[in-house]
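# Coordinate analysis (summary)
Each chain, letter by letter, is given below.
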Amino acid sequence: MVTNKKDIRALSKQQLRDFFIKQGDKSFRGNQVYEWLWQKAAHSFEDMTNISKETRQMLEDHFVINHIEVDSMQRSSDGTIKNAVRLHDGLIVESVLIPTPTRTTACVSSQVGCSLDCKFCATARLKRMRNLNPDEIYDQVIAIDNESRHYYNRPLSNIVFMGMGEPLMNYNNVIKAIDKITSPEGLGMSPRRITLSTSGIPKMIKKMADDGVKFNLAVSLHAATDQVRTSIMPFNDTFPLQDLRESLEYWYAKTKRKISYEYVIWKGINDSEADIQAFVKFCKYVPCKVNIIEYNPIGDVHFQQASPKILERYLTVLEQNNIVVNVRRSRGKDIDAACGQLANKS
Ligand code: SAH
């Protein structure tokens with residue numbers, strides 16, 4: 001339904017307090033409503049049981065609560081859950097719950113589609129339709145937290161911005177959402193349990209460092225020479241590795257926090273000894289750890305997982321150089337919930 005009422009969650013706490021004063025009510029009412037909207041994640045004014053009926057009606061007359069709806073949920077044989085999430089304007093994004101024995105991680109989207117054009121990623125084919133609002137990001141986290149409690153009897157423990165979209169192309173809204181997620185007035189989650197993954201937008205990495213953010217940074221590197229990286233991530237032409245490197249050095253100087261590099265190894269693309277040596281060299285610029293991600297095919301014959309022998313070689317050389325490396329097995333592949341597979345198939 002199209003309405004020109006304002007989305008109440010676009011208001012800050014102070015704006016909400018001011019609104020109530022203007023209505024001849026107490027500013028304190030603003031605090032109560034704010035708590036309902038964020039901490040209690042209410043999706044309707046009806047739910048706000050400690051607010052009088054008249055006030056709820058008054059709110060109804062002025063505002064809407066645009067909220068997401070989990071349109072469909074799929075559960076993988078490995079326990080991974082994928083939500084197709086319907087936004088108030090009918091667009092769909094996906095978010096994923098990944099349980100392990102020690103963690104439950106939410107993988108959330110930041111854009112509908114994506115601004116970038118990574119050749120190996122299914123989301124890139126959707127193009128960017130719009131940015132998500134802070135509340136749309138927050139709601140994905142709430143939905144997954146609820147599912148985690150329901151299916152696995154534990155709250156969500158970690159969040160990664162590795163769903164659809166490039167979070168640094170929607171920086172302000174992502175930061176506002178993280179503020180709500182980490183605030184005691186929201187979910188109260190530690191920023192140390194949140195990781196923002198970016199394809200690497202140097203200017204924005206520097207901005208994050210300047211802003212003093214407390215969450216972790218992951219960079220989808222995949223190649224450490226401009227020639228190879230540009231061939232698979234064409235925007236690298238605009239933001240070459242030298243600029244990326246400088247921004248990461250800047251990040252580390254300011255935050256003193258290690259960076260994670262995400263890396264997929266493909267046959268004939270980045271599987272030569274020169275590729276390995278270039279990667280190791282890049283890893284030495286700034287303290288880091290490496291996550292080698294299993295490739296999740298998206299139906300393009302140019303991209304095929306490199307052989308186990310090449311993976312071994314990468315691991316050996318990285319370890320010889322004292323670089324911490326993890327190999328990440330894919331999760332939720334059978335329901336297209338794995339990295340790079342989010343594309344609203346259903
Ligand atoms: N735009 C952000 C976050 C979304 S992608 C970024 O690029 O970091 C999340 C991760 O999945 C990235 O590391 C991305 O490079 C990786 N990825 C994309 N397509 C993939 C695929 N088909 N198989 C494995 N990983 C993929």
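Now for a description of the structure that goes with this document. (Residues numbered from 1 in each chain as written. Predicted model: local features only at pLDDT ≥ 70, side-chain atom pairs only at ≥ 80, totals over all residues. Heavy atoms only, no water.)

Let's shift gears to the overall build of the protein. A tally of helices and strands in the protein yields ten helices and 14 strands. On C-alpha atoms alone, the protein measures out to a radius of gyration of 21 Å, which is about the 20 Å that the 2.2 N^0.38 rule sets for 346 residues. Across its three principal axes, the protein shows a C-alpha extent of roughly 70 × 40 × 35 Å. Taken over 346 residues, the protein has a buried fraction of 53%. Partitioning the intrachain contacts of the protein with sequence separation of at least 6 by distance along the chain shows that 66% fall at a separation of at least 24. Accessible area for the protein stands at about 15,900 Å²; split by element, carbon and sulfur atoms hold 49% of it. In the protein, 47 side chains carry a positive charge and 40 a negative one; their mean positions are 4 Å apart. (Helix = DSSP H or I, 4+ residues; strand = E, 2+ residues; numbered from the N terminus. Rg over C-alpha atoms; globule rule 2.2 N^0.38 Å. Buried < 20%, exposed > 50% of the residue type's maximum accessible area, 1.4 Å probe, protein only. Contact = heavy atoms within 4.5 Å. Areas by Shrake-Rupley, 256 points an atom, 1.4 Å probe, with all protein chains shown as cover. Lys, Arg positive; Asp, Glu negative; His and termini not counted. Charge placed at Lys NZ, Arg CZ, Asp CG, Glu CD.)

Time to look at a positive patch on the surface. Together, Arg103, Arg193, Lys258 and Lys289 give the surface a local cluster of positive charge. If you trace the backbone, Arg103 turns up in the loop between β5 (92-99) and β6 (104-107). With a relative accessible area of 43%, Arg103 lands in the partly exposed category. (Patch = residues over 30% accessible without salt bridge, like charges linked within 9 Å, V, L, I, M, F, W, Y side chains within 5 Å. Salt bridge = Lys/Arg side-chain N within 4 Å of Asp/Glu carboxyl O.)

What follows deals with the nonpolar core. A general feature of soluble globular proteins is that nonpolar side chains tend to end up buried together. Counting 113 residues, the largest nonpolar core has Ile159, Met208, Leu248, Tyr261 and Phe279 as the members making the most contacts within it. Counting residues per element, this core draws most heavily on helix α4 (residues 134-152), which supplies seven residues. The two domains that each donate at least three residues to this core are domain 1 (6-64) and domain 2 (69-335). Beyond its immediate stretch of four places on either side in the chain, Tyr261 contacts Val219, Leu221, Leu248, Phe279, Phe282, Cys283, Cys288, Lys289, Val290 and Asn291. (Core = buried A, V, L, I, M, F, W, Y, C linked by side-chain atoms within 4.5 Å. Domains from an automatic or database assignment.)

Now for the site of the ligand. Near the ligand lie 21 residues; those nearest to it are Ser197, Ser199, Ser220, His222 and Asn296. A distance of 3.1 Å separates a nitrogen atom of the ligand from a polar side-chain atom of Glu166. Within the backbone of Asn296, one N or O atom sits 2.9 Å away from a nitrogen atom of the ligand. Burial of the ligand by the protein chains amounts to 97% of its free accessible area of 540 Å². Across the shell around the ligand, the residue classes tally to nine nonpolar, nine polar and three charged. (Near = heavy atom within 4 Å. Polar contact = N/O pair within 3.5 Å; in protein donor to acceptor, adjacent residues only side chain to side chain. Nonpolar A, V, L, I, M, F, W, Y, C, P; charged D, E, K, R; others polar.)

At a minimum axis distance of 8 Å, the contact between α4 and helix α5 (residues 171-182) shows a crossing angle of 45 degrees. Compared by their axis directions, α4 and α5 come out oblique. In this structure, the crossing between α4 and α5 has a hand that is right-handed. In this structure, α4 uses Pro134, Ile137, Tyr138 and Val141 to contact α5, whose residues at the interface are Asn173, Val174, Lys176, Ala177, Lys180 and Ile181. When its residues are assigned to classes, the contact of α4 with α5 shows seven nonpolar, one polar and two charged. (Axes fitted to C-alpha atoms, helices over the stretch in contact; angles between N-to-C directions. Parallel < 35°, antiparallel > 145°, perpendicular 65-115°, else oblique. Left-handed = near helix turned anticlockwise from the far one by under 90°.)

This part covers the pairing of strand β14 (residues 324-328). Bridging between strand β13 (residues 288-293) and β14 involves five bridges; their strand directions are parallel. Bridged to Lys289 within β14 is Val324. In this view, the connection linking β13 to its parallel neighbour β14 by way of helix α10 (residues 308-320) has right-handed handedness. (Pairing = 2+ DSSP bridges. Right-handed = clockwise from strand over helix to strand, strands pointing away.)

Turning next to a negative patch on the surface. A surface patch of like charges, here negative, comprises Glu46, Asp47, Glu60 and Asp61. By the secondary structure assignment, Asp47 is in the loop between α2 (27-37) and α3 (53-62). The exposure class of Asp47 is partly exposed, given its relative accessible area of 38%.

Before going further, it helps to spend a moment on the pairing of strand β9 (residues 158-161). Going residue by residue along β9, you find Asn158 and Val160 tucked away on one face and Ile159 and Phe161 tucked away on the opposite face as well. Note that β6 and β9 share three bridges and pair parallel. Across the sheet, residue Ala106 finds its bridge partner in β9, namely Ile159. Of the crossover connections in this fold, the one passing from β9 over α5 to the parallel strand β10 (residues 194-198) is right-handed.

Where helix α1 (residues 13-22) meets α2, the closest approach of the two axes is 7 Å, and the angle between their N-to-C directions is 135 degrees. Compared by their axis directions, α1 and α2 come out oblique. Crossing geometry of α1 relative to α2 is assigned as right-handed. Of the residues in α2, those touching α1 at Lys13, Leu16, Arg17, Phe20 and Ile21 are Ser27, Arg29, Gly30, Asn31, Val33, Tyr34 and Leu37. Grouping the amino acids of the contact of α1 with α2 by side-chain chemistry returns six nonpolar, three polar and three charged.

Evaluated as defined, the whole model comprises 17 salt bridges. Notably, a salt bridge pairs Glu136 with Arg130, separated by 3.0 Å at the nearest N-O pair.

In short, shape yes, function no, at least from these values alone.
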